[in-house]
Amino acid sequence: MGENLDHSTNSPLPVVGTVNDEENATIKPQGPHPSRQEKSDFDSERRPTHHLHRWIWFITGPTACGKTTIAKSLASALKFSFLEGDDYHPKASVEKMSRGEPLNDEDRAGWLQALKEHEIAQPQKKQTNGDDPEGKSRHLVTTCSALKKHYRDLLRQGGEEAKDLRVRFVFLDASEETLTKRAAERKGHFAGANLVHSQFEALERPDENEKDVVVVNVEGSLEDSERQAEMKLKEEMGKDDGSFLEVL
Ligand SMILES: Nc1ncnc2c1ncn2[C@@H]1O[C@H](COP(=O)(O)OP(=O)(O)OP(=O)(O)O)[C@@H](O)[C@H]1O
Ligand SMILES: O=C(O)[C@H](O)[C@@H](O)[C@H](O)[C@H](O)CO
């Protein structure tokens, strides 16, 4: 788990980087969107407007639902930047969760605000001609449990304030029993199985009015969950403007 920042010292936000190791460097998006012409047909005059949008996907759900695992897989597959939302929890919150004690709204307020501000502050990647010299996409996949609707509303607000942003959510859906088992089997994570029940007590599942939430059932294999999530993200981004976003 990455370094946890203590917001009282206003420490700098963690550097956003891409999950970009050798093995992933060769991963290409799963081919152009069916309606998409070959990249060679897309020169600057005809490039669709969707390049103007910045996408931020929040991978959400209770502890051990797979936010970090699936977010990293998505960032690799889409060549988006990855951000571990847990790194924004102040040290006191991490210690509290390590003891199996649930966070409350007050504990989460500063954390969510920091994530919201990062959404807006995310450095705008200069529009290039399709090369990506820095290897860092301006599009982001980030983890955030976002257990309650008003937490999600705060993050949505960040998107509205930033104007060029498309903020979307993936809710990783599994039973309390499954997540308790996974949390117990997980090694080296500050949150254990003793935190899972309180997560479900706090959880407000996204309702049918939250149209910007994609639900992924993660009861099956990890590979199946990752495949489902990638397919649903691409479908959602393609719907936005008729063609799958050319990710850098
Ligand atoms: N279908 C699945 N989807 C996601 N994770 C799975 C699946 N099957 C098994 N796992 C395992 O469950 C664990 C999920 O842990 P992970 O740290 O990614 O969850 P998380 O939601 O980020 O947790 P936290 O919120 O506590 O940081 C991993 O060890 C992962 O390998
Ligand atoms: O809102 C919360 O209570 C926390 O963000 C947890 O849901 C996270 O998942 C954390 O990583 C602990 O596992």
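Residues numbered from 1 in each chain as written. Chains lettered and ligands numbered in written order. Predicted model: local features only at pLDDT ≥ 70, side-chain atom pairs only at ≥ 80, totals over all residues. Heavy atoms only, no water.

A. Examining the overall build of the chain more closely. Counting its secondary structure elements, the chain contains eight helices and six strands. Counting helices and strands in the order they occur from the N terminus, the chain gives β-α-β-α-β-α-α-β-α-β-α-α-β-α. Scored against the burial criterion, the 248 residues of the chain give a buried share of 48%. Taking contacts inside the chain between residues at least 6 apart in sequence as the whole, the part at least 24 apart equals 81%. (Helix = DSSP H or I, 4+ residues; strand = E, 2+ residues; numbered from the N terminus. Buried < 20%, exposed > 50% of the residue type's maximum accessible area, 1.4 Å probe, protein only. Contact = heavy atoms within 4.5 Å.)

B. Structural view of unusual backbone geometry. Phi is positive for Ala 64, which is not a glycine, with a value near 75°. Relative to the helices and strands, Ala 64 resides in the loop between strand E2 (54–60) and helix H2 (67–78).

C. Seen up close, the pairing of E2. Most of E2 sits inside the fold, with seven of its seven residues counted as buried. Judged from the seven bridges that link them, E2 and strand E5 (residues 165–173) form a sheet pairing that is parallel. Considered in E5, the bridge of Arg 54 is made with Leu 165. Sheet topology places E2 next to strand E4 (residues 140–143); four bridges connect them, and they run parallel. Looking across to E4, one finds that Trp 57 is bridged to Val 141. (Pairing = 2+ DSSP bridges.)

D. Seen up close, the site of ligand 2. Around ligand 2 lies a shell of 14 residues, among which Thr 63, Asp 86, Arg 108, Ser 145 and Gln 199 are the nearest. Protein chains shield 98% of the accessible area of ligand 2, which is 330 Å² for the free molecule. A class-by-class count of the residues in the shell around ligand 2 yields six nonpolar, five polar and three charged. (Near = heavy atom within 4 Å. Areas by Shrake-Rupley, 256 points an atom, 1.4 Å probe, with all protein chains shown as cover. Nonpolar A, V, L, I, M, F, W, Y, C, P; charged D, E, K, R; others polar.)

E. The arrangement of the site of ligand 1 in detail. Taken together, 18 residues surround ligand 1, and among them Thr 63, Lys 67, Thr 69, Arg 186 and Ser 225 come closest. At 3.3 Å from an oxygen atom of ligand 1 is found a main-chain nitrogen or oxygen belonging to Cys 65. Expressed as a share of its isolated accessible area of 640 Å², the protein-covered part of ligand 1 is 83%. Element by element, the count of residues in the shell around ligand 1 is highest for H2, at four residues. Residue composition of the shell around ligand 1, by class: six nonpolar, eight polar and four charged. (Polar contact = N/O pair within 3.5 Å; in protein donor to acceptor, adjacent residues only side chain to side chain.)

F. Highlighting helix H4 (residues 105–121). Over its 17 residues, H4 runs 24 Å from end to end, which matches the ideal 24 Å to within 8%, given 1.5 Å per residue. Listed as buried for H4 are Arg 108, Trp 111, Leu 112, Ala 114, Leu 115, Lys 116, His 118 and Glu 119. Turning to H4, the residues buried within the fold contact E2, strand E3 (81–83), E4, helix H5 (149–162), E5 and helix H7 (196–202). (Expected span 1.5 Å × (residues − 1).)

G. Looking closely at the environment of Cys 65. Residue placement: Cys 65 occurs in the loop between E2 and H2. Residue contacts for Cys 65: discarding those within four places in its chain leaves Thr 60, Leu 172, Leu 179 and Val 218.

H. Seen up close, the environment of Asp 107. Tracing the backbone shows Asp 107 in helix H4. Using a relative accessible area of 21% as the deciding quantity, one classes Asp 107 as partly exposed. Considered as a pair, Asp 107 and Pro 90 are 17 residues apart in the sequence and their alpha carbons are 8.7 Å apart. When neighbours within four sequence positions are excluded, Asp 107 is seen to be in contact with Ser 93, Lys 96 and Pro 102.

I. Region of interest: the pattern of salt bridges. If you walk through the whole model with that rule in mind, you get 16 salt bridges. Here Glu 95 and Lys 91 are joined by a salt bridge, their closest N and O atoms 2.9 Å apart. Taken together, the residues Glu 95 and Lys 91, both in helix H3 (residues 91–98) and four residues apart, mark about one turn of the helix. For Glu 210, the salt bridge goes to Arg 152, with nearest N and O atoms at 2.7 Å. (Salt bridge = Lys/Arg side-chain N within 4 Å of Asp/Glu carboxyl O.)

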